Amino acid sequence: GYPGHLYQTIFFESTNPDPIRSILNFGGYVEGWATYAEMCSYYLMPLSKTQAAILQKNSSVILALYALADMGIHYEGWSRIDTVEFYARIKDAETVDKIYNLILGSPGNYLKYYIGYIKFLELKKEWIKSGNQSQKEFHKAVLSVGPAPFEILGKYFSL
């Protein structure tokens, strides 16, 4: 909670944003930042860099699989059987059934987390490519803009 939503909200509120900003909702930014912060936090734990990387990549892959299943179920119209085939390596039918029901009950939910996370990674890559090396300054810039569409964030950074 601290590096994700709590820090994000407190930081942005400290910029004294226009009150209209408090009623706008940009789920990809909000949940994407929380996921990005979570993925970065593995490297702040008392683990080796290799262990942190394995945990981060494992979390990323799991979230990606949920996002793919979310698109499959809600965009492609996957049935329960299609979802079982997608998760063919999971031999426990009860687990796949729980995943299917979880995703079925929240259309598009996993996309804002995973695609938002990927968008922050892309923004960071462009930030670095444009000559800005400080991760701290990237975070400050992103949080200062506050919740917004990623297209606006990219323009704000002139990327």
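Refer to the structure printed above.
The model shown is predicted, which means the values in this text are computed figures rather than measured ones.

So, how was this worked out
Residues numbered from 1 in each chain as written. Predicted model: local features only at pLDDT ≥ 70, side-chain atom pairs only at ≥ 80, totals over all residues. Heavy atoms only, no water. Axes fitted to C-alpha atoms, helices over the stretch in contact; angles between N-to-C directions. Helix = DSSP H or I, 4+ residues; strand = E, 2+ residues; numbered from the N terminus. Parallel < 35°, antiparallel > 145°, perpendicular 65-115°, else oblique. Left-handed = near helix turned anticlockwise from the far one by under 90°. Contact = heavy atoms within 4.5 Å. Buried < 20%, exposed > 50% of the residue type's maximum accessible area, 1.4 Å probe, protein only. Salt bridge = Lys/Arg side-chain N within 4 Å of Asp/Glu carboxyl O. Core = buried A, V, L, I, M, F, W, Y, C linked by side-chain atoms within 4.5 Å. Nonpolar A, V, L, I, M, F, W, Y, C, P; charged D, E, K, R; others polar. Phe/Tyr/Trp six-rings, centres within 6.5 Å; stacked < 30°, edge-to-face > 60°.

Q: For this particular structure, what's the right way to read the packing of helix H3 (residues 49–74) against helix H5 (residues 93–104)?
A: When two helices pack together, their arrangement is given by the angle between the helix axes and by the axis-to-axis distance. Where H3 contacts H5, the axes come no closer than 10 Å and their chain directions differ by 65 degrees. On the basis of their axis angle, the class for H3 and H5 is roughly perpendicular. Pair H3 / H5 crosses with right-handed handedness. Counted together, Tyr66, Ala69, Asp70, Ile73 and His74 of H3 and Ile99, Tyr100, Leu102, Ile103 and Leu104 of H5 form the full contact between these two elements.

Q: Is there a simple way to think about helix H7 (residues 135–145) in this case?
A: For an α-helix, 3.6 residues make a turn, and residues three or four places apart therefore share a direction. All buried positions along H7 are accounted for by Phe138, His139, Ala141, Val142, Leu143 and Val145. In the stretch just after H7, glycine 146 is the one whose phi turns positive, near 80 degrees.

Q: Would you explain unusual backbone geometry in this entry?
A: Comment: phi is negative for the bulk of residues other than glycine, and the bulk of peptide bonds are trans. The phi dihedral of asparagine 16 falls on the positive side, at around 55 degrees, and the residue is not glycine. As for its position among the elements, asparagine 16 is in the loop between helix H1 (2–13) and helix H2 (27–41). By relative accessible area, asparagine 16 is classed as exposed at 69%.

Q: Whenever I open this one, the pattern of salt bridges confuses me. Can you help?
A: Side-chain pairs of opposite charge can arise where the charged atoms are in close proximity. Within this structure, the stated rule accounts for five salt bridges. As a salt-bridge pair, arginine 80 and aspartate 97 come within 2.2 Å of each other at their nearest N and O atoms. Pair noted here: arginine 80 is in helix H4 (residues 80–86) and aspartate 97 is in helix H5, with a separation of 17 residues, a long-range link. Judged by its relative accessible area of 31%, aspartate 97 falls in the partly exposed class.

Q: Help me out: how do you make sense of the nonpolar core in this one?
A: The nonpolar side chains of a soluble globular protein tend to be buried with one another. Judged by nonpolar contacts, the single largest core of 34 residues is most densely connected at Ile103, Phe120 and Leu153. Residues contacting isoleucine 103, with those up to four places away along its chain left out, are Tyr66, Ala69, Asp70, Ile73, His74, Tyr87 and Tyr110.

Q: Hey, could you run me through the packing of H3 against helix H6 (residues 109–129) in this one?
A: In contact at an axis separation of 8 Å, H3 and H6 are set at 135 degrees when each is read in the N-to-C sense. The orientation of H3 relative to H6 falls into the category oblique. Of the two possible hands of crossing, H3 and H6 adopt the one that is left-handed. On the side of H3, the interface is formed by Gln56, Ser60, Leu63, Ala64, Tyr66, Ala67, Asp70 and Met71, while H6 contributes Asn109, Tyr110, Leu111, Tyr113, Tyr114 and Tyr117. Residues of the contact of H3 with H6, tallied by class, amount to 10 nonpolar, three polar and one charged.

Q: Explanation requested: the packing of aromatic side chains in the structure shown.
A: The relation between two aromatic rings is expressed through the spacing of the ring centres and the mutual angle of the planes. A complete count under the given rule lists 12 aromatic pairs for this structure. When the centroid spacing of 5.4 Å and the interplanar angle of 65 degrees are considered together, the rings of tyrosine 29 and phenylalanine 120 count as edge-to-face. With tyrosine 29 in helix H2 and phenylalanine 120 in helix H6, this pair connects stretches of sequence that are 91 residues apart. Between tyrosine 66 and tyrosine 110 the ring centres are 5.0 Å apart and the planes differ by 70 degrees, which places this aromatic pair in the edge-to-face class.

Q: It is not clear to me how the side chain of threonine 35 should be interpreted in this structure. Could you clarify?
A: Its location among the elements puts threonine 35 in helix H2. We classify threonine 35 as buried; its relative accessible area is 4%. Aside from chain neighbours lying at most four places away, what touches threonine 35 is Leu63, Tyr113 and Tyr117.

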